[in-house]
Amino acid sequence: MPHSASLHDSDTQTLVHVRGITKSFGEGETRISVLNGVDLDVVMGEILLLVGPSGSGKTTLLSVIGGILDADEGEIHIEGQSIANLSPSAKTRFRRDNLGFVFQQYNLLPTLTAGENAAVPLLIRGVPKKPAIAQAADMLTKLGLGERIHAIPSRLSGGEQQRVAIARALVGEPRLLLCDEPTASLDGDTGHKVLEQLQRVGRQSDRAMIIVTHDTRVFEFGDRIVHMDDGVIHMVQRHGDKAP
Amino acid sequence: MNSIALKMLFGDRAKYLMLLAGLTFSTMLIVQQGSIFWGLMMWSQSGISNINVPVWVTDPHINQVEEVKPLADTAVNIVRSVPGVEWAVPLYKGVQRARLADGNFQQISLVGLDAATLLGRPSVVIAGDIQNLRIPEAVALDQEAVKRLGGPTRMQVGTVFEINDQRARVVAIVDVQKSFQNIPFVYTTYQRALSYTPPERRKLSFVLVNPVEGVTPEALAKRIEHETELGAFTAEAFGWKTISWVLEHTGIGVNFGTTVLLGFLVGMAIAGQTFYLFTVENLKQFGALKAIGAHTGMLARMILLQSFTVGIIGYGIGVGLATFFGLTAGKGGALPYMETWPLLVGVFIALLGICGISSAISIRKLAKLEPAIVFRN
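Thresholds applied
Residues numbered from 1 in each chain as written. Chains lettered and ligands numbered in written order. Predicted model: local features only at pLDDT ≥ 70, side-chain atom pairs only at ≥ 80, totals over all residues. Heavy atoms only, no water. Helix = DSSP H or I, 4+ residues; strand = E, 2+ residues; numbered from the N terminus. Rg over C-alpha atoms; globule rule 2.2 N^0.38 Å. Buried < 20%, exposed > 50% of the residue type's maximum accessible area, 1.4 Å probe, protein only. Pairing = 2+ DSSP bridges. Contact = heavy atoms within 4.5 Å. 1 Å grid on protein atoms, 1.4 Å probe; cavity = no way out; pocket = protein on both sides within 12 Å on 5 of 7 lines; lining within 4 Å. Points joined across faces, edges and corners; volume = space filled by probe spheres on them. Nonpolar A, V, L, I, M, F, W, Y, C, P; charged D, E, K, R; others polar. Patch = residues over 30% accessible without salt bridge, like charges linked within 9 Å, V, L, I, M, F, W, Y side chains within 5 Å. Areas by Shrake-Rupley, 256 points an atom, 1.4 Å probe, with all protein chains shown as cover. Salt bridge = Lys/Arg side-chain N within 4 Å of Asp/Glu carboxyl O. Buried area = accessible area lost by both parts, 1.4 Å probe. Polar contact = N/O pair within 3.5 Å; in protein donor to acceptor, adjacent residues only side chain to side chain.

(A) Region of the structure containing the overall build of chain B. Helix and strand content of chain B: 12 helices and 10 strands. Compactness check: chain B gives a C-alpha radius of gyration of 29 Å against a globular reference of 21 Å for 377 residues, more than 25% above the reference. Judged by the C-alpha coordinates and their principal axes, chain B covers about 95 × 50 × 30 Å. For chain B, buried positions account for 51% of its 377 residues.

(B) Quick peek at the pairing of strand 6 (residues 160–163) of chain B. Residues and elements named next belong to chain B. Of the two faces of strand 6, the one lined by F161 and I163 is fully buried and the one lined by V160 and E162 carries no buried residue. In this sheet, strand 6 lies alongside strand 2 (residues 85–99) in antiparallel orientation, the contact comprising 2 bridges. Opposite A98, over in strand 6, you have I163 as the bridge partner. Both strand 6 and strand 7 (residues 166–175) contribute to a ladder of 4 bridges, which runs antiparallel. The residue bridging V160 from the neighbouring strand is R169, located in strand 7. Connecting strand 6 to the antiparallel partner strand 7 that follows it, the hairpin turn spans 2 residues, and N164 within it adopts a positive phi of roughly 50 degrees.

(C) Representation of helix 2 (residues 88–98) of chain A within the structure. Along helix 2 of chain A, the residues that are buried comprise A90, K91, T92, F94, R95 and N98 of chain A. Those residues of helix 2 of chain A that are buried lie in contact with strand 4 (73–78), strand 5 (81–82), strand 6 (99–102) and strand 7 (176–180) of chain A together with helix 10 (283–292) of chain B.

(D) Here's a closer look at the layout of surface pockets. As a volume, the second largest pocket reaches approximately 430 Å³. The wall of the second largest pocket is formed by 22 residues, among which G67, I68, P88 and R95 of chain A together with P371 of chain B lie closest to the centre. Looking at the lining of the second largest pocket, the elements that each hand over two or more residues are strand 1 (14–25) and helix 2 of chain A. For the lining of the second largest pocket, the element with the highest residue contribution is helix 2 of chain A, accounting for 5 residues. Taken together, the residues of the lining of the second largest pocket break down into 9 nonpolar, 6 polar and 7 charged.

(E) Geometry of a nonpolar patch on the surface. Residue and element names in this part refer to chain B. On the surface, a cluster of nonpolar side chains totalling about 300 Å² of accessible area is made up of Y276, V280, I357 and I361. Along the chain, I357 falls in helix 12 (residues 341–368). Under the relative-accessibility criterion, I357 is labelled partly exposed at 40%.

(F) View of the interface of chain A and chain B. Between chain A and chain B, the contact holds 26 residues from the first and 25 residues from the second. Note on chain A versus chain B: buried area summed over both sides is about 2,400 Å², and carbon and sulfur give 70% of it. One can count 1 salt bridge joining chain A with chain B. Between the two partners, chain A and chain B, sit 5 residue pairs in polar contact (both at pLDDT 80 or more).

Put into structure tokens, the structure is as follows:
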């Protein structure tokens, strides 16, 4: 029986509102349903972990919430704005102005320094290079990379590269941060430290984070843990609840 | 994002150098071959440009300047009678044999000028006095003739040699453009040129004509053709007629055209493939940029900036190398090398085409790229 991860507390402000989302890939006999009617609310200041086995639909849900994939049915509102009704270029602008992304493989530009990589979202918004790099340097310093601003990605460890990616995601002050397996390419200790810094620097009362993860060691960072399987949410845990 | 795009380009050193090498090679090959081709075309009509008169009258069926179809001497007076002609003078042009001091023979292109006016004489005189052509046995040699007839130590002003077993005395050494066949030029007066040549019924090669003020060379050429039934061409039209004939009958156009096309295709293949590889290898990064909020137009501008930047650098180096080649290998007119601004503009446009097409392949890939690629491992 699918669960709904919606919230009804009157003192919380909903940032992400998802209702009845379905998504499938392929056609005819090769059609695969990945999301089968997902309801989810995320409130401001919250860190929500999306967990589940491979193929459960968590990354697809993240892509749909981020406006990177279109849902077949259902509605998604982020801060009251319906994502489904936006044109592709408006979606791109919406992502630019409101969302931050952290990817499993970091996806840093290999020939740019840490500072330049972290400044990319500001440069995309049209901020001049000098102030953009200065803002990025501030963010990198907050994440403990003040000494590594001029290093290119190949000279950084995996943990450092992921922190540069986090700086890149946070530098534009997004309302919603979407992280796809941010610790999957890191060893346990490094992954833990990276999430600690992400929580310390990224958590704000007017921002929410959705983190897709397999890593049970990072569950402690989530305010809620949403378990998915077969394209539906089948359990929601609040921080401190007993593990299933 | 411009600085980011350039840093992405210059930072990938291997691909940047590969791109640069391809575009430089392409530019150099097209400019070098184009310049040699155009130099050869200029040589092919040097018989016209060296004489430098507005209208040429000859047999109406002539194909090119080196193909002489002699006219009767009366043609000069017939042309003079056409209204609009300020002056008309005879010109002899033909290949003869000069005997060298060692007993060998050398072909020469003998040019006989009107003795009274010396109209059509070379404008650059290196040694001696061209006006002395009027004294008996006098001839003027171009530098190629000096070289072929014994070199500068043997062939000087005052040297006597033989043309068709008759004495010729050098009174001037001149500088003119070489001919397509690279046969050296020897200048003398019209009557003396006739005396050097074997007897023939008709020996007049061309009538050189100047229009009166207010009549264009084109109009006068038409009028002469209409009233005399002779062939009349402006110098420019005759030059193009000669170039067309050379292109049609020598295969030189196909030859150089193939090389230029090869340069274009090689440049496009290297640039296109390298750019495509560059895009494919950075696909996830481009996907990340799209996810972050860069629209396709922004990425396309980045690709175009990268492409045109490396293109312009490659163009500069390529033109520089080709010019260096022209200045060294073509020193002293040894090689028909003529680098003209229309050629440079044409090559620049071709290079922009190469860059544009190469970019378009990559941009097409990026336009179809789904940012969701960043979530696939």
